[in-house]
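# Breakdown of the fold
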Amino acid sequence: MKPLILIPAFNEAGRIGRVVAGVRAAVPDVPVLVVDDGSTDDTVAVARRAGARVIQLPFNLGAGVAAQTGYKLAVREGYDCVAQLDGDGQHEPADLPELLAIIAQRKADVAIGSRFLGVGDYQPGFVRRIGMGLFGLLAWLVTGMRFSDVTSGFRALSGDVVRFVATEWYPTDYADADVLITLRRAGFRLVEVPVRMYPRAGGRSMHAGLAPVYYVFKMLLSVSLAPLRREASARKGS
Amino acid sequence: MDGLTLHQTIFALLISLVSFGLILELVRRRRLREEYSWLWLLTAAIMVVLVVWFPLLKVITVVIGAATPINTLLLFAVLFLFAIAVHYSVIISRLTSQVKNLAQELALVSDRVDDRARS
């Protein structure tokens, strides 16, 4: 297996160094790719100094676009497993080997790190918990699969899945519940793995200000349309 | 049902024809691309037809239950503006997607170029 660690980052200069160092300590042999989403701070320099390979989008395009850029690179360079984590230090790099192992052993096509399976003590706020419950319920209705953590951005994908998400439809901004549903409907096997998550250590979350309102709207729309869309059946036919 | 008054006819015709001419002029000067002009031209043309061919306007007015023919004209104008706005939203979505792909491509290609420059 030829794995790649992917970290999309936007203005994470204060945190990306520690994240990259943590990843390199946890999985020393795996290359680390940081996709810089048009940061205006020192994210690129800090990530390079920490030992990551960095590619830069010319302007800010959204977390989904940054992640997908990494998938496209992975496809072109023949990586057959991509593990992805956030650049803000919310995810614990020490959990990476377990996610990678699931893909390596072909136990599943997608390994999703869930903060609600017993490890760690992450406590979301009230509103956030309601939102997560709602999307979990929707995902269950649409796919018949129970997800404990549909908003997790900590996951590992097999080569087939990477090729699938490197194509046109991948969302530009928030890519979680709707992506899981589409992957599930495309016939991929998904499993959740208990991981630790931490509150972000400063910087600006993409869930700040009015963004949660748009997030809920966008997710409701794309989750409800996911079963009616074509991508999901595209793979089954191929 | 009464037809449009001469006054209304002249005014409606004037607006439709001026719009038609304006769009054509923009296309002629290459300020507006042909592929984005057709819906505007269609709108203006249909407005002209509705204004000059009263039997058609009358039939539509009866079918949709409008109070007067001038309401029908207004309704059509609004419907076409709606269609044009949706048309543009679709085009903008396509452009967004193309810009996204180009930006990603640029990131991937400049990575390879830098790589080659270093080695």
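Residues numbered from 1 in each chain as written. Chains lettered and ligands numbered in written order. Predicted model: local features only at pLDDT ≥ 70, side-chain atom pairs only at ≥ 80, totals over all residues.

## A word on the environment of A:Arg128
Rules: Only DSSP runs of H or I with at least four residues qualify as helices, and only runs of E with at least two residues qualify as strands; both kinds are numbered from the N terminus onward.
Its location among the elements puts A:Arg128 in helix α5 (residues 126-143). Spatially, the C-alpha atoms of A:Arg128 and A:Pro212 are 9.1 Å apart, while their sequence positions differ by 84 residues.

## Here we look at helix α7 (residues 177-185) of chain A
Residues and elements named next belong to chain A. Quick reminder of the rule: Our exposure labels follow a C-beta count within 10 Å of each residue's own C-beta, placed from the backbone: buried means 20 or more other C-beta atoms, exposed means 12 or fewer, and partly exposed covers the counts in between.
Across the 9 residues of α7, 8 count as buried, placing the element largely inside the fold. Those residues of α7 that sit buried are Ala177, Asp178, Val179, Leu180, Ile181, Thr182, Leu183 and Arg184. After α7 finishes, the residue glycine 187 shows a positive phi value of roughly 95°.

## Observations concerning unusual backbone geometry
At A:Asn11, a residue that is not glycine, the phi angle is positive and equals roughly 50°. Positionally, A:Asn11 belongs in the loop between β1 (3-9) and α1 (13-26). In this structure, B:Arg30 takes a positive phi of about 60° despite not being glycine. Relative to the elements of secondary structure, B:Arg30 occurs in the loop between α1 (6-28) and α2 (38-52).

## Considerations on the nonpolar core
Operational definition: Working definition: the nonpolar core is a set of buried Ala, Val, Leu, Ile, Met, Phe, Trp, Tyr and Cys residues, joined through C-beta atoms within 7 Å. Each residue is represented by a C-beta atom placed from its backbone, and any two residues with such atoms within 7 Å are regarded as in contact.
Formed by 72 residues in total, the largest nonpolar core has its most connected members in A:Ile5, A:Leu33, A:Val34, A:Val82, A:Ala83 and A:Ala156. Counting residues per element, this core draws most heavily on helix α3 (residues 63-76) of chain A, at 7 residues. Ignoring sequence-local partners within four residues, the contact set of A:Leu33 consists of A:Leu4, A:Ile5, A:Leu6, A:Ala52, A:Arg53, A:Ile55, A:Gly70 and A:Leu73. In this structure, B:Ala12, B:Trp40, B:Met47 and B:Leu57 belong to the second largest nonpolar core, which totals 9 residues.

## Structural notes on the pairing of β1(A)
Residue and element names in this part refer to chain A. The criterion, for reference: Here a strand pair is declared whenever DSSP counts at least two bridges between the two strands. Handedness of a crossover is defined as follows: with both strands directed away from the viewer, a clockwise route from the first strand across the helix to the second makes it right-handed.
Within β1, 7 of the 7 residues are buried, which leaves the element mostly enclosed by the surrounding structure. The alternating pattern of β1 places Pro3, Ile5, Ile7 and Ala9 on one face and Leu4, Leu6 and Pro8 on the opposite face, and all of these are buried. Sheet topology note: the β1/strand β4 (residues 81-84) ladder contains 4 bridges and is parallel. Bridging across to β4, leucine 6 finds its partner in glutamine 84. Note: β1 against strand β2 (residues 32-36), 5 bridges, orientation parallel. Counterpart to leucine 6 in the pairing with β2 is leucine 33. The parallel pair β1 and β2, bridged by α1, forms a crossover whose chirality is right-handed.

## Considerations on the interface of chain B and chain A
Threshold: Residues are sorted three ways: Asp, Glu, Lys and Arg are charged, Ala, Val, Leu, Ile, Met, Phe, Trp, Tyr, Cys and Pro are nonpolar, and all the rest, Gly among them, are polar.
Counting from both sides, the interface comprises 7 residues of chain B and, opposite them, 12 residues of chain A. Partitioning the side of chain B that touches chain A into residue classes produces 4 nonpolar, 1 polar and 2 charged.

## Quick word on the confidence of the model for chain B
Put simply, the rule reads: Confidence of the predictor at the level of single residues is given by pLDDT, which spans 0 to 100.
Mean pLDDT over chain B: 89, with 99% of residues reaching 70 or higher. Across the interface, the model reports ipTM at 0.80; the global pTM reads 0.81.

## Quick notes on the packing of α1(B) against α2(B)
Residues and elements named next belong to chain B. Note the cut-off: Lines are fitted to the C-alpha atoms to define the axes, a helix being fitted only along its stretch in contact, and any angle between axes, read from their N-to-C directions, falls within 0 to 180 degrees. Each angle receives one of four descriptions, namely roughly parallel if under 35 degrees, roughly antiparallel if over 145, roughly perpendicular if within 65 to 115, and oblique otherwise. Crossing handedness: left-handed means the near helix sits turned counterclockwise from the far one by under a right angle, and right-handed means the same turn made clockwise.
Contact pair α1 / α2: the axes reach a minimum separation of 9 Å and the direction vectors enclose 160°. Overall, the two elements α1 and α2 adopt an arrangement that is roughly antiparallel. As α1 runs across α2, the sense of the crossing is left-handed. Facing Thr9, Ala12, Leu13, Ser16, Leu17, Ser19, Phe20 and Ile23 of α1, the residues of α2 in contact are Trp40, Leu41, Ala44, Ala45, Met47, Val48 and Val51. Residue classes in the contact of α1 with α2 are distributed as 12 nonpolar, 3 polar and no charged.

## Things to note about the confidence of the model for chain A
Do not read the fine detail of predicted coordinates wherever pLDDT is low. Residue-level pLDDT values for chain A average 85, and 88% of them are 70 or greater. Per-element averaging of pLDDT across chain A places helix α9 (residues 231-237) of chain A at the bottom with 53 and β2(A) at the top with 97.

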